[in-house]
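Architecture and fold: a report
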Amino acid sequence: MTGRDTLIGIVCLAGVVLLAGLPLVVADYGLSLAVNIVSYTVLATAWSLFSGPTRYVSLATVAFFGIGAYTTAVFVETLAWPLVLLIAMAVGSVVAAIVGLATLRLSGVYFVIFSFGLAELVRQLVTWFEVNKTRTLGRYVFADITASQIYWQLLALAVLVFAIGFLIGRSRLGLALRAIGDDETVARHSGIDVTRAKVALFVLSTVFMTLTGAIMAPRWTYIDPAIAFNPVVSFTVLIMALLGGVHRLYGPVLGVVPLALLLEYLLAHFPNHFSIMVGVVFMVIVYVIPRGVVGLVEDAVRRQVATKASP
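Computed from a predicted model, the values in this text were never measured in an experiment. Here the residue numbering is sequential within each chain, running from 1 through the sequence in written order. Owing to the predicted nature of the model, reporting of local features is limited to residues with pLDDT of at least 70; listing and counting of side-chain atom pairs is limited to 80 or more, with chain, interface and lining totals taken over all residues. Note: side-chain values were computed over all heavy atoms of the structure, leaving out hydrogens and water.

On to the overall build of the chain, then. What the chain contains, in helices and strands, is 14 helices and 2 strands. Taken over the C-alpha trace, the chain has a radius of gyration of 20 Å; the compact-globule value for 311 residues is 19 Å, and the two agree within 12%. Referenced to the eigenvectors of the C-alpha coordinate spread, the extents of the chain come out at roughly 75 × 50 × 40 Å. Long-range contacts, defined here as pairs at least 24 residues apart, represent 80% of the contacts in the chain between residues at least 6 apart. Charge centroids of the chain, computed over 19 positive and 14 negative side chains, lie 8 Å from each other. Runs of E in the DSSP output that reach at least two residues are strands. Runs of H or I that reach at least four are helices, and both are numbered from the N terminus. The atom set for the radius of gyration is the C-alpha atoms, and the globule formula is 2.2 Å times the number of residues raised to the power 0.38. Note on contacts: a residue pair qualifies if any of its non-hydrogen atoms lie within 4.5 Å across the two residues. The sign given to each residue is positive for Lys and Arg and negative for Asp and Glu; His and the chain ends receive no count. The location of each charge is read from NZ of Lys, CZ of Arg, CG of Asp or CD of Glu.

Here is the structure:
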């Protein structure tokens, strides 16, 4: 480990310690906003963990988020909280492995359409089960978990997803995924097990999405399929990741914070037009800054270096 890596590690650790103390100094609204930001940080970073290097655009985020939320709703009153999270992680992993093996041979717009359809399929299946088997559409979530505890758990999850992303970026798997993103056919002919690499990272990224949903469920008290599987979540995560920049691990965070604040404002002042405005924001981001904030910063730095180097 170089001196630069050590310095970065110390700065990150100090930042985590400061963020951990946030619930002790902010009011209820500030804590609610912090929970929202940290949850989207985990979701957007997990999305970028898979979609960034492979360039597979997934709209299935809310499918796994909802699976986690419903797992909590089903088991939280009868099982210990750690066991609930383990069950959610197992269910999400199994679904992700099945979906990955069946669909990651698709690419481009076909994968986008399938991932969006998957989220809707899971929502309809849960709705059918609730209506026909439990004779109710929603569930109450009674758990002795405070907003501060939800925040701390999400913060720990955020630290974990960044640590794993950092390690993957320096591993053979990370190199293989970047090769797949550049040209999947060339990667396959180079001896890379393309399907295995994609499925492994897809499952890993969805584990974090599932756990985020499971941890967030007690915050709502009551959930139904429309809440847990709201497609706006998938699009919001995609927008945030693109705004920050998906070619750097820290990129999505640069999109989460400003966009979370903007969406909070829009939801408070324009609740009836929220979805329309989210769509407008998405189009503006794609058109104006296709490489995200990170791309703008890197381009500016390159121009500055080129200017200084020129005679």
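Turning to the packing of helix H2 (residues 28-54) against helix H12 (residues 251-269), a few remarks are in order. Between N-to-C directions, angles span 0 to 180 degrees; the directions come from axes that are lines fitted to C-alpha atoms, helices contributing only their stretch in contact. Interaxial distance between H2 and H12 falls to 9 Å at its minimum, and their mutual angle equals 140 degrees. With respect to their mutual orientation, H2 and H12 come out oblique. Of the two possible hands of crossing, H2 and H12 adopt the one that is right-handed. Between H2 and H12, the residues in contact are Tyr29, Leu33, Asn36, Ile37, Tyr40, Thr41, Ala44, Thr45 and Ser48 and Pro252, Val253, Val256, Val257, Ala260, Leu261 and Glu264, respectively. Residue composition of the contact of H2 with H12, grouped by class: 11 nonpolar, 4 polar and 1 charged. An angle below 35 degrees is read as roughly parallel, one above 145 as roughly antiparallel, one from 65 to 115 as roughly perpendicular, and any other as oblique. Should the near helix be turned anticlockwise from the far one by less than a right angle, the crossing is left-handed, and should it be turned clockwise, the crossing is right-handed. Lys, Arg, Asp and Glu make up the charged group, whereas Ala, Val, Leu, Ile, Met, Phe, Trp, Tyr, Cys and Pro make up the nonpolar group; the residues left over, Gly among them, are polar.

Patch definition: residues with relative accessible area over 30% and no salt bridge; like charges joined within 9 Å; nonpolar side chains (Val, Leu, Ile, Met, Phe, Trp, Tyr) joined within 5 Å. A 1.4 Å probe and the Shrake-Rupley method give the accessible areas. Residues count as covered only by the protein chains that appear here. Definition used for salt bridges: Asp or Glu carboxyl oxygen within 4 Å of a side-chain nitrogen of Lys or Arg. On the surface, a nonpolar cluster with roughly 680 Å² of combined accessible area is contributed by Ile276, Val280, Met283, Val284, Tyr287 and Val288. Checked against the element boundaries, valine 288 lands in helix H13 (residues 274-288).

It is worth spelling out the side chain of serine 115 at this point. Along the chain, serine 115 falls in helix H5 (residues 109-134). Ignoring sequence-local partners within four residues, the contact set of serine 115 consists of Val57, Ser58, Leu59 and Ala60.

Every helix has an expected span of 1.5 Å times one less than the residues it contains. Here H2 is 27 residues long and its end C-alpha atoms lie 39 Å apart, about the 39 Å a rise of 1.5 Å per residue gives. At serine 48, H2 shows its largest bend, some 35 degrees. Among the 27 residues in H2, 22 count as buried, and that is most of the element. Arginine 55 sits one or two positions beyond H2 and adopts a positive phi of about 65 degrees. Fitting axes to the seven residues that end at a residue and to the seven that start at it, the angle between those axes gives the bend at that residue. Each residue gets one of three labels from its accessible area relative to the maximum for its type: buried under 20%, exposed over 50%, partly exposed in between, using a 1.4 Å probe on protein chains only.

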